[in-house]
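# Fold and geometry: a report
Below, each chain spelled out in residue letters.
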Amino acid sequence: SKSSTLTQRWKSNKSHISNVFPPSLSTGAGGWSPLTSDQYQWLEVDLGERTKLTAVATQGRYGSSDWLTSYLLMFSDTGHNWQQYRQEDSIGAFPGNSNADSVVQYKLQQPVIARFLRLFPLDWNPIGRIGLRLEAYGCPHTSDVVSLDGSSSLVYRLSPGLRRTSKEVVSLNLKTLRNSGTLLHAEGWGGLSLSLELERGKLLLLLRQGGTSSSEPRRLASLGSLLDDQHWHRVVLERQSAHLNLTVDKHTETVQIPAEFSHWDIEQVGLDSENPVISTRDFHGCLENLLYNDLNLIEQAKRNDHQGNVTFSCAEPVTIAVTFPGPQSFLQVPGPTVSTLGGLSVGFQFRTWNKVGLLLTFDLLQQGGVAWLYLSEARVHISNSFPSPGSALNDGQWHSVDLNSRYGRFTITVDKKEGGVSSPSFPVTVGRQLFFGGKNNSENCSNPFDIFQGCMRLLTVDNQPVDLIMVQQRLLGNYSHLQIDMCGITDRCSPSHCEHGGRCSQSWTVFHCNCSDSVCYTQGISVYEQSCEAYKHNGNTSGHYYIDVDGSGPIKPQLVYCNMTEENTWMVIQHNNSELTRVRPSPGVNQHLLYFDYSSEEEHLLAVISQSEHCEQELSYHCRKSRLLNTPEGSPFSWWLGGPGPGHLQTYWGGAQPDSQQCACGLQGDCVDPQHYCNCDADRTEWYYSGLLTHMGSLPVRSLVLGDIQRPGSEATYRVGPLRCHGDKNLWNAAFFDKETSYLHFPTFHGELSADITFLFKTTSSSGVFLENLGIKDFIRIELSSSTQVVFSFDVGNGPLEVHVESSVPLNDNRWHRVRAERNVKEALLQLDELPAATQEAPADGHFHLQLNSQLFIGTASRQKGFRGCIRSLQLNGVTLDLEERAKITPGVRPGCPGHCSSYGSLCLNQGHCVERASGFHCDCGLSAYAGVFCHTGIHTHTHTPTHTKKNEVHCVDSALPSSIYSDTTLRGENVSLSFRTNQSPALLLYVSSHYREYLALLINEYDKLEVRYKLDNNREAEVLTSSTRSLANGQLHTVAIQRVTNSVSVQIDQNAKEDFNLTSDGEFNTVKSLVLGRVHDSDDLDPDLAKLASLGFIGCLSAVHFNSINPLKAALLHPDTSPIIIAGPLVQSSCGSSASANPYTAENTHHLSGTSEDLNTFIHIHCLAGVIAVVIFVIVTGLAITARFLYRRKETYVNRDVKGVKERDSPDFPFNNQTDSQNVSSENPKEYFI
């Protein structure tokens, strides 16, 4: 049905109404047009009864240039307390007409039930006036309504033996002015009850055990906000299966039914004022259509099933509120009628979300000043005095303020709590006008305080109410930019749009997410990586890190340990009992039951296992006369539960296959007793072992049951290790688009309120669309617009918005770049790599929902230029798209994308070599003096001389470390580097000798300077090259790098400038014999002063020793059994060479949770070694040496084919290819030498 009837209710002094015809294209005349066309006009329609409105239509005034281009709609049941209609809870404006004749109809997304309708013009034809013909569409609304005053009872008792249904539903509509009270109470067997209660304007679902009010209720759910606004709100409580669904208006919260409710039946439902549980929380207001299942409880109450003051209509008190929406808002009313010594009494109520704002202003006539009543830090102040009682007044609740002046003293009462605030020493005489919420700019008085944004009501002056309707009609006072007879407050935190535990806070215009006390997101994007593999590719090393396994999805980040010391990067998740534990017989105990609680939550565990390439968990069982599987009836003695949830029964053990009921020996056929499938089942007195679980569907181990442990002689030990997983299938899920027309398609992306998109790309093209999804008008797109710019664009119905990020370096460099984009109800965000994020705020009065209907295209299927290159790790709202699987069946797109070293190769340090892998890369440290995941860990050892005192003596056995090196005939150059820390001077650091009494010595002289001694001609004295850098024996870590090319030598110490020297000899180092670190035992060929120094050894720390392609210290410490090294005496690795340690004798334990490059635990081991640790690298050269020398002089080439029992392939520190640098080549025809 439709209504065109308009009552005579309008602004009669400024408006007139002509004969009204239905808005159609038929002939007719007239329409509504106010005398003045301004923002204060409206048209009000009385529909005669409450009506369900579904649409409105507008048309311009007939035969004129008068029409509206946009307008607002408001509704009311009573003609007061208006409520604005909003589309998608945000947009208030409706599109109007473009001429006077056409009809524009708008269907309401959510029907409205109201009796009164108001239309407020916003814009109109600029060359005409406000003009309108209006039609509303709807049908009558019938309902059962009841008013409750707190002493009312309305109870329905179910018949005994009434069969319980599988689904129970209670529904109602409520309207109230009070923010607290019990709406509904359902009691059942055993004293259990459920209550729906208002508390501070929110609806709570409470569970009580026991029939007294003293029993503390358990809160099951909380929903809604500002429900005390005297508007109708829809409430539905549904019990279905094991869940309770609570719905308030359009929002639903689902909770698990507590265990005690699994067999609970309702005995009565309603509102009983005599019930002691709820009598102190009485409800004042109206209920409509209160239904239990299909039973109308209000209709039942009309049959005398009620007590107290129950009225079957909604008796609503008329309360006029006023909204102050912005900086130009103010309300001016007359001041006190008589200005005397006690001439002021003002009262009002307000509600706001802002902590600051000007509430009231008035002049002090005799003093010529102004009094300010204002909010600061959510407390009420007057002028510059101390705050009044009451705090946190920005909570959105109604708060009362009373200001009185008596006998020269201002008194402020806030929420009935009185406090003396200001005591002027003069009589107070108040001006003729009071200004609420601001002041008229024409008063020539600036406002030193922030504006007030909020609502006020119940204004009184001299204890007389202020008639705001007269103010609205311009019959009293004055106002500007106010919304009178409505409170336009909105709760932007209900429901909260903050994810992962972020706390929502708000002001009048915007909300904020506070992540300081929780692990949540900054601007919606996770600040944590999704795997240990991802942390590794950011350059991190072993340590504890937060893993956000689904990015912006609902799973909370968890703290795990990332072990990056091996080729694979392991994520380690601990539980409460990972120690090896012995189990012995206990009297009366036939089974030993154990549960394992993991440090990560359930959904996080399952997601980690799902996205990992491999997971494993140690399940060790050492047995002696303790059987696992062998029982007469066929059921096992012992078993375990593993997998999702509480786990599934597993009867296989480490090394066997699921459901096999075997151990590893049964699968391999080598059990000690062929009749059994586990060694433990042989029931012998020897110890046997069963080991590692690798079937990911059975992980993690949840519990363990050990059975055969009660017999005499039975013994067992068990260990359930941590869950270990490596690889990240999501991180490396990639596709290569080899043409600009190539694309992948997926189902429509549903990101109506929140769209989080992350991916990595690499390309050589300067532009292209990464992805797009289209709707009728809406769309979302991310593209590379130029070689240095990425653009995120979208349209949610109110025009395209774009967010740009500009890079200072080209993005088409064929290296991986990360893109993170987000769009939510508050803003849009785009981040590229580690650049600052660019943001674009959402329109304050704009659409919320992104409505898409096409497929999601990776690449583009539209006329846009497509993307050519690689995309990987694409996630939408925390869900990874399987690009590889889709690429396998799509022409023009290939699964996977190799070439990771171009992006990550720089992470391999200290001559480490980047090795490509199908998923990522690996640093090969074979040619580096360093170790670790990035060849970043120095190899250090510390030496200490014997120490003597009067009372005790510390003895250390002399140590020597000789080792073999390739015997190049001639070295025409060297690259030597090492780090040291010492307080000794003089001290010998490194000594390299030859079979021809030639040598290279690196030492610290008595003046604490570095000397490099070259003797390259045994017939001449050694040449001494002395660096100018001083104080090298100061206990600090120093790094030395020496490079020689024939007779040119450069020396660099730490970050100092290089020093260049020239040798006078021929620049050939002939037939290298050995390399020594520390004390030199064979010093017969040395000069006397050098021989004396060599016999003393070295006291201090050596690390990262590198001689051409040889890393002697690394080989001695990490590969002593497989390297051509001879070690005499104890040699233990130390961290004394760490630059982070100023004192090598202090243990260090550094713990970093994220973003570090250091291991979790580093210990400095102090060992008493003899006055020297020596590494002697030599080749056994027999009489062939003389022949070799002769051959070299003839042909300038030499090949040593004498390999003495060394397995070079096992030692990466002595590589097959001994060519080091171009300057080290011994001849014109370089060769490879094998030791």
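Residues numbered from 1 in each chain as written. Predicted model: local features only at pLDDT ≥ 70, side-chain atom pairs only at ≥ 80, totals over all residues. Heavy atoms only, no water.

## Remarks on the sheet that holds strand S54 (residues 743-746)
Read from one edge of the open sheet, six strands run S54-S63-S56-S57-S58-S59, paired in antiparallel fashion. Of all strands in the sheet, those with a lone pairing partner are S54 and strand S59 (801-806), marking the two edges. Averaged over all pairs of adjacent strands, the angle between strand axes in this sheet comes to 15°, irrespective of strand direction. As judged from the six bridges shared by strand S58 (residues 789-795) and S59, these two strands associate in the antiparallel manner. (Pairing = 2+ DSSP bridges. Helix = DSSP H or I, 4+ residues; strand = E, 2+ residues; numbered from the N terminus. Axes fitted to C-alpha atoms, helices over the stretch in contact; angles between N-to-C directions.)

## Observations concerning the sheet that holds strand S26 (residues 330-334)
Here six strands make up an open sheet; going across it, the order is S30-S29-S28-S34-S26-S37 and the pairing antiparallel. Of all strands in the sheet, those with a lone pairing partner are strand S30 (379-382) and strand S37 (478-480), marking the two edges. Recorded for the sheet is a direction-independent mean angle of 15° between the axes of neighbouring strands.

## What about the UniProt feature "domain: EGF-like" (unreviewed entry) in the protein?
On the UniProt side, "domain: EGF-like" (unreviewed entry) is annotated at positions that read residues 898-936 here. Between the C-alpha atoms that bound residues 898-936 the distance is 25 Å, and the span itself is 10% helix and 31% strand. (UniProt positions renumbered as here; feature names shortened; annotations may be inferred.)

## Quick notes on the nonpolar core
Tyr621, Leu704, Leu723 and Phe921 are the most contacted members of the largest nonpolar core, which has 63 residues in total. One finds Leu196, Ile266, Leu271 and Leu297 within the second-largest nonpolar core, a separate group that totals 42 residues. (Core = buried A, V, L, I, M, F, W, Y, C linked by side-chain atoms within 4.5 Å. Buried < 20%, exposed > 50% of the residue type's maximum accessible area, 1.4 Å probe, protein only.)

## Let's talk about the state of the cysteines
As enumerated under the stated definition, the model contains 12 disulfides in all. Here Cys532 engages in a disulfide with Cys562; their sulfurs sit 2.0 Å apart. In this structure the cystine formed by Cys532 and Cys562 twists about its S-S bond by roughly -75°; its chirality is therefore left-handed. You can see Cys532 sitting in helix H3 (residues 532-536) and its partner Cys562 sitting in strand S42 (residues 558-563), a full 30 residues away along the chain. Neither Cys532 nor Cys562 differs from the other in exposure class; each is buried. Residue pairing for Cys663: its cysteine sulfur links by disulfide to Cys678, the two sulfurs lying 1.6 Å apart. (Disulfide = S-S within 2.5 Å.)

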